Amino acid sequence: MSAIAAGPHYSSRWGRLIPIAFITYSLAYVDRANYSLGAAGGMAHDLNIDAAASSLLGALFFLGYFFFQVPAAYYAEKRSAKELIFWSLILWGIFAAATGLLTDIRLLYVDRFLLGVTESVVLPGMLIFLGHWFVKAERSRANTFLILGNPITVLWMSIVSGYLVQSFGWRGMFIIEGAPPIIWAFVWRAMVNDWPAQAEWLDPNERVELERKLEDEQRQFKPVRDYAAAFRTPMVITLAIQYFCWSVGVYGFVIWLPSMLKAAGETSIVLVGWLSAGPYLAAAALMIIGSYFSDASGNRKNFVWPFLLIGAVAFYGSYLLGTSSFWLGYALLVVAGATMYAPYGPFFAWIAERMPRNVAGGAIALINCCGALGSFVGSYFVGWLNGVTGSSDASYLFMAVALLASALLTLTLRGHADTPAPAR
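Asks: When you look at the overall build of the protein in this model, what are you seeing that I'm missing?
Replies: The helix and strand tally for the protein stands at 16 helices and zero strands. A compact globule built from 424 residues should have a C-alpha radius of gyration of about 22 Å, and the protein, at 21 Å, falls within 12% of that. Structurally, the protein occupies a C-alpha span of about 60 × 45 × 40 Å along its principal axes. Taking all 424 residues of the protein together, the buried fraction comes to 59%. Taken as two groups, the 27 positive and 25 negative side-chain charges of the protein have centres that lie 8 Å from each other.

Following this line, the structure appears as structure tokens:
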């Protein structure tokens, strides 16, 4: 069996790069998702932030996240993903900590927007980085271990942040959790290389084999002239809309889960933190299982749409249930959270496997841009609906419809989707 798939050198890439990628994306997710714990833990009360302003503060992150995805992908592919992520780590750590220092809500609006800008480079940059190091038969699992930084981080962050808020207040939580990315930036810079050819730590035989396999994969694609040609393909257009709808559900859930749990029962902020962790624990397990079978079968589509459909049904069940049973409603939220996260690895592998390297990063970035807009809509409107209606029922229905639309759009694509026409 090839050393790229197994054998004594298997761990040299997986054991070094995957933990680094996981920690990097985890740190991004701490500073993205801890806003919900800060809002539930006294921030809104102390700063006299009403429901509409709180929703806007939570959502502005995603508006900033929208703008620099495609330029970031271009820089990561043409120049250096390593340097791009290094500077991003430093800047988002500064902006994250600043959330705990500011008292003027206008400055908080600016800060949340800039935090989104600096974190916008992370996912496209990291996916491009992993694409330089892992071949098709490994890619869904590599992507999954990267994106596991999302649910696993929210899992422990929900618990730790609850205790930090209790011990140091919401301001202390933001400041303490803003420091690690700045420190980690220098670890990242010392430990990674953009390409296998630059890695002295990699076994020479594995390096040659890996580069050969990656080049063989690229020769299978029809050439595509530029990003504009790639962006016009039916696959990219459909997946961009699909990911918008998907992200409406995911980030409505991520940003407002603690507040919805707190509103549903008389619970302490620490218990809310523990309960918020449950869906993400289930999500981590389901992501690993789904990506394993997706890589083993080579199928991506059938490991995306069924999970999204189940998530839609779970949210609809929460809507029908209302406030009649807290624990049954909580169980449905665990199912919804797990199934929304499960398809990420196969989804991003699917995109990269349909386009040549010169445009694949841009296509991922464009699709992720649309996801950022969906995240903005989800985080803003879920908060707004919660405030206007005084309950989470309308929010559950809203997220159910969004996930259903996402599942149906995925089904419209052929099994291997469309590849771009060659440049003329």
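Asks: Is there a simple way to think about the layout of surface pockets in this case?
Replies: It is the rolling of a water-molecule-sized probe over the atoms that shows where space remains empty. By volume, the second largest pocket amounts to about 420 Å³. What lines the second largest pocket is a set of 25 residues, among which R139, Q218, F221, A352 and M355 lie closest to the centre. If you list the elements that add at least two residues to the lining of the second largest pocket, you get helix 5 (122–131), helix 6 (136–147), helix 8 (204–219), helix 14 (344–352) and helix 15 (357–389). Residues that form the lining of the second largest pocket fall into these classes: 10 nonpolar, seven polar and eight charged.

Asks: Could you clarify how one ought to interpret the packing of aromatic side chains in this entry?
Replies: The final tally for this structure, using the stated rule, is 29 aromatic pairs. An angle of 80° between the planes, with centres 5.1 Å apart, marks the rings of W246 and F347 as edge-to-face. Note that W246 is positioned in helix 10 (residues 234–264) and F347 in helix 14, a separation of 101 residues in sequence. Note on accessibility: W246 and F347 belong to one class, buried. Within the aromatic cluster, the residues linked to one another by ring pairs are Y243, W246, F253, Y280, F315, Y341, Y344, F347, F348 and Y396. For the cation-ring pair, R189 lies above F86, with the distance from its terminal atom to the ring centre recorded as 3.9 Å.

Asks: Mind showing me how you'd approach the packing of helix 3 (residues 69–98) against helix 4 (residues 105–119) here?
Replies: The contact between helix 3 and helix 4 brings their axes to 9 Å, and the two run at 160°. One finds that helix 3 runs roughly antiparallel with respect to helix 4. Crossing of helix 3 over helix 4 shows left-handed handedness. Only D111, L114, L115, T118 and E119 of helix 4 make contact with helix 3, whose side of the interface consists of S88, L91, W92, F95, A96 and A98. Among the residues forming the contact of helix 3 with helix 4, the class breakdown is seven nonpolar, two polar and two charged.

Asks: Explain helix 7 (residues 149–191) here, please?
Replies: Helical periodicity: at 3.6 residues per turn, an α-helix aligns residues three or four positions apart in one direction. Look at helix 7: only 18 Å from first C-alpha to last across 43 residues, short of the 63 Å you get at 1.5 Å a residue. At F168, helix 7 shows its strongest bend, of approximately 120°.

Asks: Would you take a moment to explain the pattern of salt bridges for this structure?
Replies: As a working rule, side chains carrying opposite charge can pair if their charged atoms are close by. Within this structure, the stated rule accounts for 11 salt bridges. Put simply, R139 and E217 hold a salt bridge, and the shortest N to O gap is 2.9 Å. Here the residue R139 occupies a position in helix 6, and E217 occupies one in helix 8, the gap between them amounting to 78 residues. Of the two residues examined, R139 and E217, each falls in the buried class.

Asks: Help me out: how do you make sense of helix 6 in this one?
Replies: End to end, helix 6 covers 17 Å across 12 residues, agreeing with the expected 16 Å (1.5 Å per residue, within 8%). For helix 6, every residue scored as buried is listed here: E138, R139, S140, A142, N143, T144, L146 and I147.

Asks: Looking at this structure, how should I read the nonpolar core?
Replies: Nonpolar side chains tend to gather and get buried jointly when the protein is soluble and globular. Among the nonpolar cores identified, the biggest contains 110 residues, and W188, F315 and F348 are the most heavily contacted of them. A per-element tally of this core places helix 10 first, with 12 residues. Contacts of F348, omitting those with residues within four sequence positions, involve L123, L127, N143, I147, Y243, I364 and N368. If you look at the next biggest cluster of nonpolar residues, it comprises 14 residues, including M43, L57, L108 and W170.

Asks: Mind showing me how you'd approach the side chain of S80 here?
Replies: Relative to the elements of secondary structure, S80 occurs in helix 3. Within polar-contact distance, the side chain of S80 engages the backbone nitrogen of K82 at 3.3 Å. Other than its neighbours up to four places away in sequence, S80 contacts Y75 and D194.

Asks: I'm lost on the environment of V248 in this one. Help?
Replies: In this fold, V248 is placed in helix 10. Since its relative accessible area comes to 3%, V248 is described here as buried. Through-space distance from the C-alpha of V248 to that of V401 is 9.7 Å; in sequence the pair is 153 residues apart. Every residue in contact with V248, bar those within four places of it in the chain, is listed here: G374, S375, V377, G378, F398, M399 and A402.

Rules of the game
Residues numbered from 1 in each chain as written. Predicted model: local features only at pLDDT ≥ 70, side-chain atom pairs only at ≥ 80, totals over all residues. Heavy atoms only, no water. Helix = DSSP H or I, 4+ residues; strand = E, 2+ residues; numbered from the N terminus. Rg over C-alpha atoms; globule rule 2.2 N^0.38 Å. Buried < 20%, exposed > 50% of the residue type's maximum accessible area, 1.4 Å probe, protein only. Lys, Arg positive; Asp, Glu negative; His and termini not counted. Charge placed at Lys NZ, Arg CZ, Asp CG, Glu CD. 1 Å grid on protein atoms, 1.4 Å probe; cavity = no way out; pocket = protein on both sides within 12 Å on 5 of 7 lines; lining within 4 Å. Points joined across faces, edges and corners; volume = space filled by probe spheres on them. Nonpolar A, V, L, I, M, F, W, Y, C, P; charged D, E, K, R; others polar. Phe/Tyr/Trp six-rings, centres within 6.5 Å; stacked < 30°, edge-to-face > 60°. Lys NZ or Arg CZ within 6 Å of the ring centre and 35° of its normal. Axes fitted to C-alpha atoms, helices over the stretch in contact; angles between N-to-C directions. Parallel < 35°, antiparallel > 145°, perpendicular 65-115°, else oblique. Left-handed = near helix turned anticlockwise from the far one by under 90°. Contact = heavy atoms within 4.5 Å. Expected span 1.5 Å × (residues − 1). Bend = angle between axes of the 7 residues up to and from the residue. Salt bridge = Lys/Arg side-chain N within 4 Å of Asp/Glu carboxyl O. Core = buried A, V, L, I, M, F, W, Y, C linked by side-chain atoms within 4.5 Å. Polar contact = N/O pair within 3.5 Å; in protein donor to acceptor, adjacent residues only side chain to side chain.

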